[in-house]
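Coordinate inspection notes
Chain residues, written in single-letter form:
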Amino acid sequence: MGARKSDARDRAAAEARDVLLKRAAAGSDDEAASYQTATNNAIRGSQSQGAPSRGSSRRSSTRGSSTRSSQRNTTRRSDPSAHSGTGSGTARSANRPADYTASRTARSPHAKRATTRASSGSRSAKSRSTRSKATNSRSTNSRSSRNHSSHIHSSHTRTPHTRQAGGHMSAFGIVLWIALAVLVLWMATYFLPASLDHLHATFINVIALVPLLWIPLAVLAVLAAAKHCPAQAICSVAALAIDVLLSAGYLVALPDTANHILGMPEQSRTLSVAERQAALDSCTSITKATGAATGSSESDTANSTDTADTENTADTAASTAASCVTVMTINTRYGNADASAIVHAVRQYNVDVLAVQEASADLQQRLTAEGIGNELPHMTAGNPTEEDNGGFNILFSRMTPVAQVNDAVDIDAATVPAQTLQVGGLNVTFASVHTASPHRGAQRWAAGLDGIARLGAPSGAGANAPVIVMGDFNSNSTLPSFRAALRNGGLIDASYELHSGTHLSWPASWGVAPAMLELDHVVHTQGVTALNQRTLTVPRTDHKAQIVTLRVDGAAQ
């Protein structure tokens, strides 16, 4: 009996060890549980095959063996050494032959069924685990795919817009900086030496447009502010302020230091608006002065009994009236200007001296037909030459000249007619000039300005006599060569002296567009003061006429 119990225990233990070995080889907790169940079933089956008569004793022994086996299995499951086959049971099993253990296991039908069920459970567990893993993997992949798709969709919906906005702003800012740099460099040409502004005709035209740069600078400032580019906006406003400052002398009287920095000549004493108006009210044109003197002479001849005080009063009035002179200059555009409009302006504004540029023989005849000789009977015309740019120059005057020449100065352009007239007891020289257009040659243009500077020197009409030069200079105060000519000749631009704004004269034939540049000037030496100036549109010419009233104060210093 004891041997039978021992054999049953040994068989159960062998089967249990075999199952545990398979569980260790499987390495899965689910399979281990299946194998454990199969082991317990095998043990119970082996015990049930013993003597039934022994009943409770065998069941008790089987339960004890099962309990011990369970304990051993639990211990092996918790101890890693059990999986590696290092326990004492494993050592005993190792002492038996492997075919003995296999035969014992094969002879037990319950063990076979348990093993089959265990294998089936293992496969089921593996299948469930695989399906669970696959499901989890599919779920994870699905979620990952959805998240990735959502991210890609979000990236496609948001990123291009942000990139486009950021790229647009960045590109726009760069464009603003480039445009601002170009305009600042353009504006800096104002301060070039006079010897560099006439390197090329295009360069002359570009520099002449500096007064108009306030327009693009203002546009840049507005665009920069609208697009939230504060740096560009601030720089644009600063450049705009500098550009306005370059022309500030046309609006306000600047100190001599400021005029020196801007390259302008020293100005004569600036008269206030009230002083200018008082001077205009106290003096009249040469026309009235001549009439007053003539009337006084006829009265003295008719009545020799007039007192000396009356004669002295008439002479004083004539002398005072003769100290003011009104001049007018007009470029007639190849002689096409309206002759009747010119003569009408001479009558309307009591013009004493008229300077005409780009005249022609046909224009002379039309002016004569309109009665220019009745208003300005004395004419001096320049000699027509091949260097004339558009025509020759003419000078008309109301009074008989003290001296006159057809070519007062040698320049590579239209010849310069000049007259010396007596105004207020002083000899004053008047000249009509037209420098060569830049497109006819930059060097010729510069030579013409140098010739104008030489006109400021003492003339043949008398040492230190005041000089008044009128005409189309093809220049404005932005050009360094023009400012150098004024300084070298001791000349003052009447428009700059009055501080009443610029008197734009070109172009005047565009109709809807206003004149943009002041190319026509009236300049004078010291001893003369400008009292007022206006521009006048004359039909069929691209230049406006400049009409200026001047007071002759004394000899040039």
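Conventions and cut-offs
- Sequence order as written defines the numbering, with residues in each chain counted from 1.
- In keeping with the predicted nature of the model, local features appear solely for residues at pLDDT of at least 70, side-chain atom pairs appear and are counted solely at 80 or more, and the whole-chain, interface and lining totals rest on all residues.
- Computation of side-chain values covers all heavy atoms of the structure but excludes hydrogens and water.
- As a per-residue quantity, pLDDT reports the predictor's confidence and falls between 0 and 100.
- It only takes one pair of heavy atoms within 4.5 Å for two residues to be counted as in contact.
- Pairing between two strands is assigned when DSSP locates at least 2 bridges connecting them.
- Helical segments are the DSSP runs of H or I of at least four residues, strand segments are the runs of E of at least two, and each set is numbered from the N terminus.
- Accessibility here uses a 1.4 Å probe with only protein chains present; expressed as a share of the type maximum, an area under 20% marks a residue as buried, one over 50% as exposed, and anything in between as partly exposed.
- Each patch is built from salt-bridge-free residues with over 30% relative accessible area, joining like charges within 9 Å and nonpolar side chains (Val, Leu, Ile, Met, Phe, Trp, Tyr) within 5 Å.
- Using the Shrake-Rupley algorithm and a 1.4 Å probe, accessible areas are obtained, with residue cover drawn only from the displayed protein chains.
- Any carboxyl oxygen of Asp or Glu within 4 Å of a side-chain nitrogen of Lys or Arg constitutes a salt bridge here.
- In this analysis a 1.4 Å probe is tested at points of a 1 Å grid over the protein atoms alone, and where it fits but cannot get out there is a cavity; an open set with protein on both sides within 12 Å along at least five of seven lines is a pocket; lining residues have an atom within 4 Å of a point.
- Grid points are joined across faces, edges and corners, and a volume is the space filled by probe spheres set on the points.
- Structural elements are reduced to axes, namely lines fitted to C-alpha atoms, with helices fitted over the stretch in contact, and the angle between N-to-C directions of any two is expressed from 0 to 180 degrees.
- As used in this structure description, the phrase polar contact means that two N or O atoms lie within 3.5 Å; if the pair is within protein, one of them must be able to donate a hydrogen and the other to accept it, and residues adjacent in sequence are counted only when both atoms belong to side chains.
- Throughout, disulfides are identified as pairs of cysteine sulfur atoms within 2.5 Å of each other.

Overview of the confidence of the model for the protein chain
Per-residue confidence for the protein chain gives a mean pLDDT of 77; residues scoring 70 or more make up 64%. Scored below 50 in pLDDT, residues 73–103 makes 26 contacts in the model with residues more than four places away or belonging to other chains.

Some words on the sheet that holds strand E10 (residues 520–524)
Reading across the sheet, the 6 strands line up as E5-E6-E7-E8-E10-E9 and stay open at both edges, with mixed pairing between neighbours. The outermost strands of the open sheet, each flanked by one partner alone, are strand E5 (403–405) and strand E9 (492–493).

Considering the environment of Met264
Secondary-structure assignment places Met264 in the loop between helix H11 (256–261) and helix H12 (273–282). Assessed through its relative accessible area of 5%, Met264 is described here as buried. Aside from chain neighbours lying at most four places away, what touches Met264 is Asn259, Ser477, Arg483, Leu486, Arg487 and Tyr496.

Some remarks on the pairing of strand E4 (residues 392–397)
Here is the key point about a regular strand: its side chains alternate between the two faces of the sheet. Of all 6 residues in E4, 6 are buried; the element is thus mostly enclosed. Here E4 shows two buried faces, one formed by Phe392, Ile394 and Phe396 and the other by Asn393, Leu395 and Ser397. Looking at chain direction, strand E2 (residues 353–359) and E4 are connected through 5 bridges and run antiparallel. Bridging from a neighbouring strand, Ala355 pairs with Leu395 of E4. As defined by bridge partners, strand E3 (residues 378–381) adjoins E4 across 4 bridges and the pair is classed as antiparallel. By the bridge assignment for E4, His378 is matched with Ser397.

So, a nonpolar patch on the surface
A surface patch of nonpolar side chains, about 430 Å² in accessible area, is lined by Trp214, Ile215, Val219, Leu223 and Val244. A total of 4 residues in the nonpolar patch trace back to one element, the largest contributor, which is helix H9 (residues 214–226). Along the chain, Trp214 turns up in helix H9.

Some thoughts on the layout of surface pockets
Estimates place the volume of the largest pocket at around 450 Å³. In this structure, the largest pocket is lined by 23 residues; those nearest its centre are Ser437, His439, Asn474, Trp506 and Leu519. Among the elements that take part in the lining of the largest pocket, helix H8 (residues 201–208) stands out by supplying 3 residues, more than any other.

Notes on the sheet that holds E3
Strand order in the open sheet formed by 6 strands is E3-E4-E2-E1-E12-E11, and the pairing between neighbours is mixed. The open sheet terminates on both sides in strands that have one partner only, identified here as E3 and strand E11 (528–536). Here the average twist between neighbouring strands, direction ignored, is 15 degrees. Lying on the sheet, H12 is in contact with E11 and strand E12 (545–552); it crosses E11 at an angle near 90 degrees.

Things to note about the side chain of His499
The topology assignment puts His499 in the loop between helix H20 (494–498) and E10. A distance of 2.7 Å separates the side chain of His499 from the backbone oxygen of Gly249, its partner in a polar contact. Residues within four places of His499 in sequence aside, it is in contact with Gly249, Tyr250, Leu251, Val252, Ala253 and Thr270.

Observations regarding the state of the cysteines
The tally for this structure, following the rule as stated, stands at 1 disulfide. Here Cys283 connects covalently by a disulfide to Cys324, the sulfurs 1.8 Å from one another. Given an S-S torsion of about -95 degrees, the disulfide between Cys283 and Cys324 has left-handed geometry. Taken together, the residues span a long stretch of sequence, with Cys283 in the loop between H12 and helix H13 (286–302) and Cys324 in strand E1 (residues 324–331) at a distance of 41 residues.

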